[in-house]
Amino acid sequence: GQQVMQIPQYQHVQEGEDFTTYCNSSTTLSNIQWYKQRPGGHPVFLIQLVKSGEVKKQKRLTFQFGEAKKNSSLHITATQTTDVGTYFCAGLPSNDYKLSFGAGTTVTVRA
Amino acid sequence: SAVISQKPSRDICQRGTSLTIQCQVDSQVTMMFWYRQQPGQSLTLIATANQGSEATYESGFVIDKFPISRPNLTFSTLTVSNMSPEDSSIYLCSVYGQDKMNDYEQYFGPGTRLTVT
């Protein structure tokens, strides 16, 4: 079946530094979505990428979708304590309606 | 957008018993999804619930263990039957919706935190 791999599993970041989390799918995706789950909370939608090579920005967050529509990345600049949480990518296969979630990257921030 | 509520928000249950989780959406939706999130893990899809038909279960999940009801387009229940400690998880209800950017996103309920002792 379709699988989405996400690395790293944990990211410990000094406040003010940048970091990137990566997702890779075993199959071509119709779109990829990113979610953030705060500690004790539920996943909240951040963004959706649909087009090959697409790049979207939300303030300090930059999302990319690969040319082959099989990989994606989330880059956060100048990390803040509000960035703490787990970031999940979720891929929608071209022939399916069900999202396949990556394992998530749990981010902690050192002040 | 969609606003989802779940009941109960948390429960502690004894092994061998069953718990029914309710999910209410503020708009009519065709598909409702039930996910399980074990401690420190990602989300795993249990089943897709369509109104008027049997739920579609993912590999590793069976109707006898996780019976689902979908009586109308805004409501669904998931029952965790004959519970064991391995069923301790967060159970999340989810639906597709369209946001202001016309992106289709999944909206999640607040989750039901289940502990089985």
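Here, the structure is the one placed above.
Residues numbered from 1 in each chain as written. Chains lettered and ligands numbered in written order. Predicted model: local features only at pLDDT ≥ 70, side-chain atom pairs only at ≥ 80, totals over all residues. Heavy atoms only, no water.

A. Molecular detail of the packing of aromatic side chains. Within the structure shown, the criterion is met by twelve aromatic pairs over all chains. Residues A:Phe101 and B:Phe108 carry aromatic rings whose centres are separated by 6.0 Å and whose planes lie at 70 degrees to one another, so their mutual orientation is edge-to-face. Residue A:Phe101 is located in strand 10 (residues 100-101), and its partner B:Phe108 is located in strand 10 (residues 104-108); the two belong to separate chains. An angle of 90 degrees between the planes, with centres 5.4 Å apart, marks the rings of B:Phe33 and B:Tyr96 as edge-to-face. With B:Phe33 in strand 4 (residues 31-37) and B:Tyr96 in strand 9 (residues 89-98), this pair connects stretches of sequence that are 63 residues apart. Overall, B:Phe33 belongs to the buried group, its relative accessible area being 0%. Three or more aromatic residues link up through ring pairs in this structure, and these residues are A:Tyr35, A:Phe45, A:Phe88, A:Phe101, B:Tyr35 and B:Phe108. (Phe/Tyr/Trp six-rings, centres within 6.5 Å; stacked < 30°, edge-to-face > 60°. Helix = DSSP H or I, 4+ residues; strand = E, 2+ residues; numbered from the N terminus. Buried < 20%, exposed > 50% of the residue type's maximum accessible area, 1.4 Å probe, protein only.)

B. View of the side chain of A:Ser25. Note that A:Ser25 resides in strand 3 (residues 19-25). Within the structure, A:Ser25 has its side chain in polar contact with the backbone oxygen of A:Thr27 (distance 2.6 Å). (Polar contact = N/O pair within 3.5 Å; in protein donor to acceptor, adjacent residues only side chain to side chain.)

C. Expanded view of the interface of chain B and chain A. The interface of chain B with chain A comprises 21 residues on the first partner and 18 residues on the second. Summing both sides of the interface, chain B and chain A together bury roughly 1,600 Å²; the carbon and sulfur share of this comes to 50%. The largest per-residue losses of area from chain B upon contact with chain A belong to B:Ser42, B:Asp103 and B:Phe108, which jointly make up 26% of the total buried on that side. For B:Glu58, the salt bridge identified is with A:Lys98, shortest N-O distance 3.0 Å. Put simply, chain B and chain A have six residue pairs in polar contact (both at pLDDT 80 or more) between them. Sorting the residues of the side of chain B that touches chain A by element identifies strand 4, strand 5 (44-50), strand 9 and strand 10 of chain B as the ones contributing at least two each. (Contact = heavy atoms within 4.5 Å. Buried area = accessible area lost by both parts, 1.4 Å probe. Salt bridge = Lys/Arg side-chain N within 4 Å of Asp/Glu carboxyl O.)

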